[in-house]
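Structural description and commentary
Take a look at the letters that make up each chain.
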Amino acid sequence: MKKRIYKVTAILFWIVSCTSSQAQSWEGPKEKPNDHIDVKFGPLNKGKRTDADMQRFREYGLGQFIHWGVYAIAGGEWNGVKAPTASEWIRVWSGNTAPPNWQQTYDNLYKQFNPKNFDAKRWASQAKQMGARYMIITTKHHDGFCLWPSKYTGYTIAQTPYKKDIVKQLIDAYTAEGIDVYLYFSIIDWNNKDYRTSAPKTEEEKESYNRFLTFTRNQLFELMDNYPKMKGFWFDGTWDKAWINAYEWTYQLEKDLRNAHPGLIIGSRFRNDEHGKRHFDSNGDLLGDYEQGWERKLPAQYEWLNGNDWDCVMTIPPNGWGYIKDWSRFYTKTSYDLIDMLMHSVSMGGNFVLNFGPDGNGKMHTGEDKLAKELGDWMKLNGEAVYGATHAALAPSPYGYYTQKVNALYLTVFNRPVNNQIRLKIPRSATQVPEAASLLANKTSLKMKFVDIGIDLDKNVYFDITLPASFMSKDPFVIKIDTKTGKINALELEKAHM
Ligand code: H79
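Residues numbered from 1 in each chain as written. Predicted model: local features only at pLDDT ≥ 70, side-chain atom pairs only at ≥ 80, totals over all residues. Heavy atoms only, no water.

With an unreviewed UniProt entry as reference, the protein chain is termed alpha-L-fucosidase, source organism Niabella yanshanensis. Reading the Sequence similarities (unreviewed entry) entry of the UniProt record for the protein chain gives the comment "Belongs to the glycosyl hydrolase 29 family." (UniProt positions renumbered as here; feature names shortened; annotations may be inferred.)

Here it is, written out as structure tokens:
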């Protein structure tokens, strides 16, 4: 009897979760509105940026996110009791599992922040080994704690026993490794009494919120002034009504930030138009330089992206970006999962950014160390298929993901066919002709031949690449196909018995 009840509940749950997931807008393409409407506070510039800074962003392929703040001291739990919130949200822990006076305890944690194992160079060298080309550091998360000595609040690293500027150390160490640094900045600030979620109504509320806006602006300029090597901002927490209503002010701020820091890169999660549309304005035009809505999710189809630049930011545990002491209670992604997500992203023209949540002493989780090493080992052999590679205009492959450069096509194989024949399906109209195939990791050349599979009126041609039966791989592997600019001439190929 008990069993049956369980079954009914499971089915109900399945129905409920299906319905709710359909309601989420990220589950499908973003439809462009039919009617063009007047938008005054839309994108500052329409169309894709072509400057060197943006081109560099496009070519990163792999990035590292770091969530670090006083929440790292807690690690997702307190006195052995696990918090039900995401680890970096632990301050809002409430209900009967929450420790007594929890918020007060949390707001005093900074007095203990003294990461004696922190070594910015060690993190930077690990990121380099992993193959990351950019890093995003949480300068300030929703709790308002600043990892840099901001002069606009007392709630900063300068007030902790550690005292030293963490943002500066990270920018210097990562930049020295050739890794670009971006600054995560949450608009939400639970530590500032002028911060609010709802739109201000009374004169007093308006004055207070204006003070908050000025404070935010001051902090952003402070960050750019202090750290001129920073490449851009990764904004968060911009969904509240108060911020949405300040569209005129945020529009001007974006202009001013860009003027003050030429080349600055800002994603679509910074501001909205005057109709409250976020990420894309009311006409469906992207706000900012790249689409920043792919947080713990990936597009199923390339067409959903409308050709925009984008990044996917991903946690290793299911959710939780700050340090989580105990990983044993949930599934944590494997390097296989991460390579899959990385290649999925790059094959659709995006960057993949993997999150790390170091502990309160400044050490990465041992699980993160292991994954960084595994991913790095893979990247050393196969990075050529990632860096500077982009979407290939081919039908998705059943074997894995295509990425492309000017004279090469790469296929990262996850599903090896049982007959060891990898079939490429290339449109007759293609402007790149396959010439030769090899295994990227060890340069072994592979037999490739044109095959006429005889489908009437077919708009494609086919090439079969033979994988040697003796070749074994427990990891996904990359086939590099050298290509030559030109038109495919099926008749000629047939004659040549290629
Ligand atoms: O820093 C990590 C998270 O702590 C932070 N973003 C990543 C990078 C984050 N904050 N909140 N969230 C993630 C999820 C918030 C979701 C919601 Fe909403 C905010 C639900 C309702 C308000 C987003 C905005 C979905 C609807 C509106």
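On we go.
**Topic: the side chain of Thr 412**
Take Thr 412: it is sitting in strand β12 (residues 408-413). The buried category is assigned to Thr 412, whose relative accessible area is 0%. When near neighbours in sequence (up to four residues on either side) are disregarded, Thr 412 contacts Met 343, Trp 378, Tyr 399, Gly 400, Tyr 401, Pro 476, Phe 477 and Val 478. (Helix = DSSP H or I, 4+ residues; strand = E, 2+ residues; numbered from the N terminus. Buried < 20%, exposed > 50% of the residue type's maximum accessible area, 1.4 Å probe, protein only. Contact = heavy atoms within 4.5 Å.)

**Section: the nonpolar core**
One finds Tyr 174, Phe 233 and Leu 257 to be the most contacted residues of the largest nonpolar core, which totals 102 residues. Looking at which element gives the most residues to this core, the answer is helix α7 (residues 203-226), with eight residues. Each of two domains, domain 1 (41-385) and domain 2 (400-495), supplies a minimum of three residues to this core. What Tyr 174 contacts, discounting residues up to four positions off in sequence, is Gln 64, Ile 66, Ala 120, Trp 123, Ala 124, Ala 127, Met 135, Ile 179 and Val 181. Within the second largest apolar cluster, 27 residues are counted, among which are Val 413, Met 448, Phe 463 and Leu 467. (Core = buried A, V, L, I, M, F, W, Y, C linked by side-chain atoms within 4.5 Å. Domains from an automatic or database assignment.)

**What to know about the domain arrangement of the protein chain**
Size of an interface, as often reported, equals the accessible area lost when the parts are brought together. Under the domain assignment used here, the protein chain contains domain 1 (41-385) and domain 2 (400-495). On a C-alpha basis, the centroid separation for the pair domain 1 and domain 2 is 39 Å. Opposite the twelve residues of domain 1 that make contact, domain 2 presents 13 residues. Between domain 1 and domain 2 the total buried area reaches about 1200 Å² when both faces are included, carbon and sulfur atoms providing 61% of it. Sorting the residues of domain 1 by area buried against domain 2 places Tyr 336, Glu 384 and Ala 385 first, and these three jointly supply 42% of that buried surface. At the boundary of domain 1 and domain 2, one finds one salt bridge. (Buried area = accessible area lost by both parts, 1.4 Å probe. Salt bridge = Lys/Arg side-chain N within 4 Å of Asp/Glu carboxyl O.)

**Structural notes on the packing of aromatic side chains**
For the structure shown, the criterion picks out 38 aromatic pairs. Between the aromatic rings of Phe 57 and Tyr 290, the centroid separation amounts to 4.6 Å while the plane-to-plane angle is 35°, which identifies the pairing as tilted. Note that Phe 57 is positioned in helix α2 (residues 52-59) and Tyr 290 in the loop between β7 (265-266) and β8 (291-295), a separation of 233 residues in sequence. Taking the relative accessible area as the measure of exposure, Tyr 290 reaches 1% and is therefore buried. Relative to Tyr 155, the ring of Tyr 110 has its centre 5.4 Å away and its plane inclined at 90°; by these criteria the two rings are edge-to-face. Of the two residues, Tyr 110 sits in the loop between α4 (102-107) and α5 (120-130) while Tyr 155 sits in the loop between β4 (134-140) and α6 (166-176), which places them 45 residues apart along the sequence. Both residues of the pair, Tyr 110 and Tyr 155, count as buried. Taken together, the aromatic side chains of Trp 68, Tyr 110, Phe 113, Phe 118, Trp 123, Phe 145, Tyr 155 and Tyr 162 make up a single cluster linked through ring pairs. A cation over a ring is seen here: Lys 164 above Tyr 162, with NZ or CZ 4.5 Å from the ring centre. (Phe/Tyr/Trp six-rings, centres within 6.5 Å; stacked < 30°, edge-to-face > 60°. Lys NZ or Arg CZ within 6 Å of the ring centre and 35° of its normal.)

**Brief notes about the sheet that holds strand β17 (residues 460-466)**
The strand order across the open sheet formed by three strands is β13-β17-β16, and the pairing between neighbours is antiparallel. Where the open sheet ends on each side, the last strands, each with one partner, are β13 (421-427) and β16 (448-451). Sheet twist, expressed as the mean angle between neighbouring strand axes with direction ignored, is 30°. When β16 meets β17, the two strands line up antiparallel, connected through four bridges. Counterpart to Lys 449 in the pairing with β17 is Asp 464. (Pairing = 2+ DSSP bridges. Axes fitted to C-alpha atoms, helices over the stretch in contact; angles between N-to-C directions.)

**Observations regarding the environment of Leu 446**
As for its placement among the helices and strands, Leu 446 is situated in strand β15 (residues 445-446). A sequence separation of 62 residues divides Leu 446 from Glu 384, and the C-alpha atoms of the two residues are 18 Å apart. Look past the residues within four positions of Leu 446 in its chain and what remains in contact with it is Ala 437, Ser 438, Leu 439, Ile 465, Thr 466, Leu 467, Pro 468 and Ile 479.

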